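Listed below, chain by chain, are the residues.
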Amino acid sequence: MSYYKKLKTDLTGAAAAGIITPEQADKVWERSYSGRTFASFKAAHWIAAASGLFIALGVILVAAHNWDKIGDIAKMGAFLLLFAGSAEAAMRLEEKPSAAIPLETLWFFMPALGIGLYAQIFNLSGDPVKPYLVWAALSAPLALLSKRPLAAYLCSILLFAVLYWGTLGSTNMLSLTMGRNAAVQPLWHWGLALAVLGAGFALYPGKKLGKPLGAAAVWLFFMLVADTAIKVRSKALVLLAGMSLAVLWLAWGRGEDEDARPGLPLTVWVGAVYVMTFFWHYRPDSYRLHGQDTTALGTMITWAAFAGALVTLAVRKQRLLPEGKMEDYLAKGLLAASMLCAFLLFDANEGSAKIMAVIANLILAAFGAGCIISGAKNSDEKMINRGVLVITLTAVTRFVDIFGGLLKSGVAFIITGLAFAALAYLINRGRKALIEAAKK
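About the cut-offs
- Residues numbered from 1 in each chain as written.
- Predicted model: local features only at pLDDT ≥ 70, side-chain atom pairs only at ≥ 80, totals over all residues.
- Heavy atoms only, no water.
- Patch = residues over 30% accessible without salt bridge, like charges linked within 9 Å, V, L, I, M, F, W, Y side chains within 5 Å.
- Areas by Shrake-Rupley, 256 points an atom, 1.4 Å probe, with all protein chains shown as cover.
- Salt bridge = Lys/Arg side-chain N within 4 Å of Asp/Glu carboxyl O.
- Helix = DSSP H or I, 4+ residues; strand = E, 2+ residues; numbered from the N terminus.
- Buried < 20%, exposed > 50% of the residue type's maximum accessible area, 1.4 Å probe, protein only.
- Polar contact = N/O pair within 3.5 Å; in protein donor to acceptor, adjacent residues only side chain to side chain.
- Contact = heavy atoms within 4.5 Å.
- Expected span 1.5 Å × (residues − 1).
- Core = buried A, V, L, I, M, F, W, Y, C linked by side-chain atoms within 4.5 Å.

Regarding a nonpolar patch on the surface
Link 1 in the chain: On the surface, Trp303, Leu340, Phe343 and Phe346 cluster together into a nonpolar patch covering about 330 Å² of accessible area.
Link 2 in the chain: Within the secondary structure, tryptophan 303 is located in helix 12 (residues 296–315).
Link 3 in the chain: By relative accessible area, which is 32% here, tryptophan 303 ends up partly exposed.

In structure tokens:
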């Protein structure tokens, strides 16, 4: 919410200075604030959604309590009537959220109940993924027709969850990992998986595709490191793919506002760089990946992701630091360096791995310093705190790496604790001084 608070403050200040009228400030604020995820949902709407869920659970419990007393035809008939009735009522009461939201929630979860009922009556068993795909297909009309985003979010989340669960398994119609005796999964499995991925994107409400893009990037990375037809087993290629996908997500994963801060994509990129700092402990026989047979397709995808990330850095506005000439050069340089570090792992030895770890530490330090400088220049307290946090985390981790082996006595632990306490005090004083200076 800090972005919206700052926007509100800036608009109020602009109106007070006579740059814009108070009415214009209110309209700009309402337009920006209404673009949030679930912006149209009030407390009463969330309560209504919960009521719909409880109604669905209640129906299940009542049916389960009287299950043996109900005939098969009556069970299916009652379910179909209830399903059709909830759908019809939700459509008719669409303009009344207090009634429509519980009915839409009931409508969304009822296909799961119906599939389980049908399977029990007819003693069906088979592919574990198929019922969830049917559930998503039956819920898709609700996601497309509803004026509220709740059903679309739920259906999209369901599809992404099934995609992850199915493709990483080995005994279902979405399986992409190789089984014990199978060579490669059928090609149509890939087609179905991509269709599920596309459906998850299509049903996600609005144009806020940052989270679906991130889910797709993480899924692709899992497919590269798992035992699939596009697997890569070179440590350098795995790192190159991970960093390239992180940069692509950071560049293209727009949030709720075109100028909003990246949030989760930025956290993932920082986390990936932070992981690289631990290659200081690299040994040639460590970090082994199962199997050594990198596929040609996996290699092509990795290099394509790397090339796409480099082109993106050249043509698209960076989102690592706030706008500014110095910030742009620094941010694009840090993003490129984070990917190029992977080249040090080709035919890696302990020396090259340590060089990569040192570079990763320098990237984090430069990013933290850039955040502090930009935050002080733009009076952005959150940016200053972010920079201090990154630098502090890096410094503490490296201290433990270098001197951790000396902690062999109680006195050493006490001295280290006192040193950390002093560091925390000094850092906090410095952070507050920067924030106060930025406010003046």
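Regarding the side chain of serine 374
Link 1 in the chain: Structurally, serine 374 can be placed in helix 14 (residues 350–378).
Link 2 in the chain: A distance of 3.0 Å separates polar atoms of two side chains, one belonging to serine 374 and the other to glutamate 327.
Link 3 in the chain: If we skip the residues at most four places from it in the chain, serine 374 touches Pro322, Glu327 and Met383.

A word on helix 9 (residues 210–225)
Link 1 in the chain: In this model helix 9 runs 23 Å from its N-terminal to its C-terminal C-alpha over 16 residues, within 8% of the 22 Å that 1.5 Å per residue would give.
Link 2 in the chain: Among the residues making up helix 9, those that are buried are Gly210, Pro212, Gly214, Ala215, Ala216, Ala217, Trp219, Met223 and Leu224.
Link 3 in the chain: Residues of helix 9 that are buried sit in contact with helix 7 (150–167), helix 8 (187–203), helix 10 (235–252) and helix 12.

Observations concerning the environment of phenylalanine 306
Link 1 in the chain: Residue position: phenylalanine 306 is located in helix 12.
Link 2 in the chain: Given the relative accessible area of 8%, phenylalanine 306 is considered buried.
Link 3 in the chain: Through-space distance from the C-alpha of phenylalanine 306 to that of methionine 243 is 8.3 Å; in sequence the pair is 63 residues apart.
Link 4 in the chain: Ignoring any residue separated from it by four or fewer positions in sequence, one finds phenylalanine 306 in contact with Leu240, Ser244, Met339, Leu340 and Phe343.

Thoughts on the nonpolar core
Link 1 in the chain: By size, the foremost hydrophobic cluster in this structure holds 43 residues, and its most contacted members are Leu163 and Trp219.
Link 2 in the chain: The set of elements that each furnish at least two residues to this core consists of helix 4 (72–92), helix 5 (97–121), helix 6 (130–145), helix 7, helix 8, helix 9 and helix 10.
Link 3 in the chain: Among the elements that make up this core, the one with the highest residue count is helix 7 (9 residues).
Link 4 in the chain: When residues no more than four places from it in sequence are discounted, the contact partners of tryptophan 219 are Leu163, Tyr164, Thr167, Leu176, Ala193, Leu194 and Leu197.

From the geometry alone we can't say anything about function, so treat these as descriptive.
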